[in-house]
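Chain by chain, the residues:
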Amino acid sequence: MALRTALKPLRSTALPTTRAFSTELPRITERRPNETGRGGRASDAGVKVALFGATGFLGRYVSSGLGSNGTLTYIGTRGDEFAYRHLRPHHELGRAKFSYYSSRDKQSMADIIADADIVINLIGKYYDTKALENTDSFPFLNYKVSTSVWEANVEVPKMIAELCTEMQVDNLIHVSSAAAGNVDSASEWARSKAEGEKEVLKAYPWATIVRPTQMFGHEDKLLNLFAKMAERFPVIPLVDGGHALTQPVYVDDVARTINRIVDDPEMFEGRRVDCFGPQDYSYAELAKFVYDITEQEPTLSDVPAE
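Remarks on the packing of aromatic side chains
- For the structure shown, the criterion picks out seven aromatic pairs.
- Judged by centre distance (6.1 Å) and plane angle (90 degrees), the rings of Phe 57 and Tyr 61 are edge-to-face. Highlighted residues: Phe 57 and Tyr 61, both in helix H1 (residues 57–68), separated by four residues, approximately one helical turn.
- With a relative accessible area of 21%, Phe 57 lands in the partly exposed category.
- The buried category is assigned to Tyr 61, whose relative accessible area is 13%.
- An angle of 25 degrees between the planes, with centres 5.1 Å apart, marks the rings of Tyr 126 and Trp 189 as stacked. With Tyr 126 in the loop between strand E5 (118–121) and strand E6 (129–134) and Trp 189 in helix H5 (residues 188–203), this pair connects stretches of sequence that are 63 residues apart.

Shown next as structure tokens:
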């Protein structure tokens, strides 16, 4: 199944229109303007980028692209060394700086942005994450929300945008979702994405908004989900028979698009870039495709939408 990326012309009245463009960057042997060296990984592209959300699914591909093009990258992480060690080989020695930050500590985020020319925000959550806390009464433990969908998708992007304005950062790239176009969606996640875009543009009006559809790749939670469910359950539920459509996009194509924006950020200031695959598929089709490849034979069950 050939799933690739297309960039459609923008039709938003709130943001200007951009024509389709090439995501190709100069090869290693081609020297670029203001670049030191032969070009590419072992060179200095003359650009400093602060990257939030690098340890996520899309983030590792964006990080790899930045490293491959000689970009000095400041990477924010909330985990220990084991959380980001897979990102180290993406960059030449001394071309990446890893720093701990807290999304509730504005100064720690400002320290990561530092003197960056471009800030990329990939932070987001699909669901609330929870953690245990101590209590004074039995059973002396309570399961509380540590980071909510609203905090990750609205409050953190808003803080980053405000910092970019305060610190006079040249360009901000905010990765949202194609679902953000529906402000009245029944999904809290989609509504939070829409609100996050609104807050980002309010604080930093010339931000570039990237809206990908569902992404697939080696570590995805789209195609892999079908396979993992079949390992555990003999019956796989498909809401409304899996007739709902999706237009998945290859994650590396989205990452290359972001790196193309980094290469010429002024061209995309204040614009929205929609990333999507060339064809739509029903969830039933995707499930059957996965099980044809994995040779699993679960029973697909039709579950009513309401």
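Additional details are given in the paragraphs that follow.
Considering the pairing of strand E14 (residues 272–276)
- With five of five residues buried, E14 lies mostly within the body of the structure.
- Strand direction decides the pairing type here: strand E9 (residues 208–212) and E14, joined by four bridges, are parallel. Looking across to E14, one finds that Pro 212 is bridged to Cys 275.

A short note on the environment of Gly 277
- In this fold, Gly 277 is placed in the loop between E14 and strand E15 (281–282).
- Look at Gly 277 and you get buried, because its relative accessible area is 0%.

Some words on the environment of Asp 115
- In this fold, Asp 115 is placed in the loop between helix H3 (106–113) and E5.
- Asp 115 has contacts with Lys 48 and Tyr 74, leaving out every residue within four places of it along the chain.
- Within the structure, the side chain of Asp 115 is placed 2.8 Å from the side chain of Tyr 74, a separation counted as a polar contact.

Brief notes about the side chain of Arg 95
- Tracing the chain through its elements places Arg 95 in the loop between helix H2 (81–84) and strand E4 (96–100).
- At 3.1 Å, the side chain of Arg 95 forms a polar contact with the side chain of Asp 44.
- Here Arg 95 is in contact with Ser 43, Asp 44, Ala 45, Gly 70, Thr 71, Leu 72 and Thr 73, once residues within four sequence places are set aside.

A short note on the confidence of the model for the protein
- Residue-level pLDDT values for the protein average 88, and 87% of them are 70 or greater.
- Taken as a whole, residues 1–14 scores under 50 in pLDDT and shows 45 contacts with residues more than four places along the chain or in a different chain.

Some words on the packing of H1 against helix H7 (residues 251–263)
- Running from N to C, H1 and H7 point in directions that differ by 45 degrees, and their axes come no closer than 9 Å. Classified by the angle their axes make, H1 and H7 are oblique. Relative to H7, H1 is oriented so that their crossing is right-handed. Counted together, Phe 57, Leu 58, Tyr 61, Val 62, Gly 65 and Leu 66 of H1 and Val 251, Asp 252, Val 254, Ala 255, Ile 258, Asn 259 and Val 262 of H7 form the full contact between these two elements.
- A per-class count over the contact of H1 with H7 returns 10 nonpolar, two polar and one charged.

A look at helix H8 (residues 283–294)
- Between the first and last C-alpha of H8 there are 16 Å, a value that for 12 residues agrees with the 16 Å anticipated at 1.5 Å per step.
- Those residues of H8 that fall on the buried side of the exposure criterion are Ala 284, Leu 286, Ala 287, Val 290 and Tyr 291. With its buried residues spanning 160 degrees around the axis, H8 presents them on a single face. Along H8, exposed side chains directed more than 90 degrees from the buried face belong to Lys 288, Asp 292 and Ile 293.
- For H8, the elements touching its buried residues are helix H6 (223–232), strand E11 (235–239), strand E12 (245–246), E15 and strand E16 (299–303).
- Following H8 by one or two positions, Glu 295 has its phi on the positive side, about 60 degrees.

Remarks on the pairing of strand E8 (residues 171–175)
- Counting buried residues in E8 gives five out of five residues, a clear majority hidden from the surface.
- Residues Asn 171, Ile 173 and Val 175 of E8 are buried on one face, and the alternating residues Leu 172 and His 174, pointing to the opposite face, are buried as well.
- Examined bridge by bridge, E5 and E8 share four bridges and lie parallel to one another. Looking at the pairing, Asn 121 lines up with His 174 of E8.
- Sheet topology note: the E8/E9 ladder contains three bridges and is parallel. Looking at E9, one finds that Val 175 is bridged to Val 210.
- The β-α-β motif built from E8, the intervening H5 and the parallel element E9 has right-handed crossover chirality.

Some points on the packing of H3 against helix H4 (residues 149–166)
- Across the interface, H3 lies against H4 with an axial gap of 10 Å and an inter-helix angle of 55 degrees. Taken together, the axes of H3 and H4 lie oblique to each other. Judged by the twist between their axes, the crossing of H3 over H4 is right-handed. For the pair formed by H3 and H4, the contact residues are Lys 106, Met 109, Ala 110 and Ile 113 on the first element and Val 156, Met 159, Ile 160, Glu 162, Leu 163 and Glu 166 on the second.
- Considering only residue class, the contact of H3 with H4 consists of seven nonpolar, no polar and three charged.

So, how was this worked out
- Residues numbered from 1 in each chain as written.
- Predicted model: local features only at pLDDT ≥ 70, side-chain atom pairs only at ≥ 80, totals over all residues.
- Heavy atoms only, no water.
- Phe/Tyr/Trp six-rings, centres within 6.5 Å; stacked < 30°, edge-to-face > 60°.
- Helix = DSSP H or I, 4+ residues; strand = E, 2+ residues; numbered from the N terminus.
- Buried < 20%, exposed > 50% of the residue type's maximum accessible area, 1.4 Å probe, protein only.
- Pairing = 2+ DSSP bridges.
- Contact = heavy atoms within 4.5 Å.
- Polar contact = N/O pair within 3.5 Å; in protein donor to acceptor, adjacent residues only side chain to side chain.
- pLDDT = per-residue confidence, 0-100.
- Axes fitted to C-alpha atoms, helices over the stretch in contact; angles between N-to-C directions.
- Parallel < 35°, antiparallel > 145°, perpendicular 65-115°, else oblique.
- Left-handed = near helix turned anticlockwise from the far one by under 90°.
- Nonpolar A, V, L, I, M, F, W, Y, C, P; charged D, E, K, R; others polar.
- Expected span 1.5 Å × (residues − 1).
- Arc of directions from axis to C-beta.
- Right-handed = clockwise from strand over helix to strand, strands pointing away.

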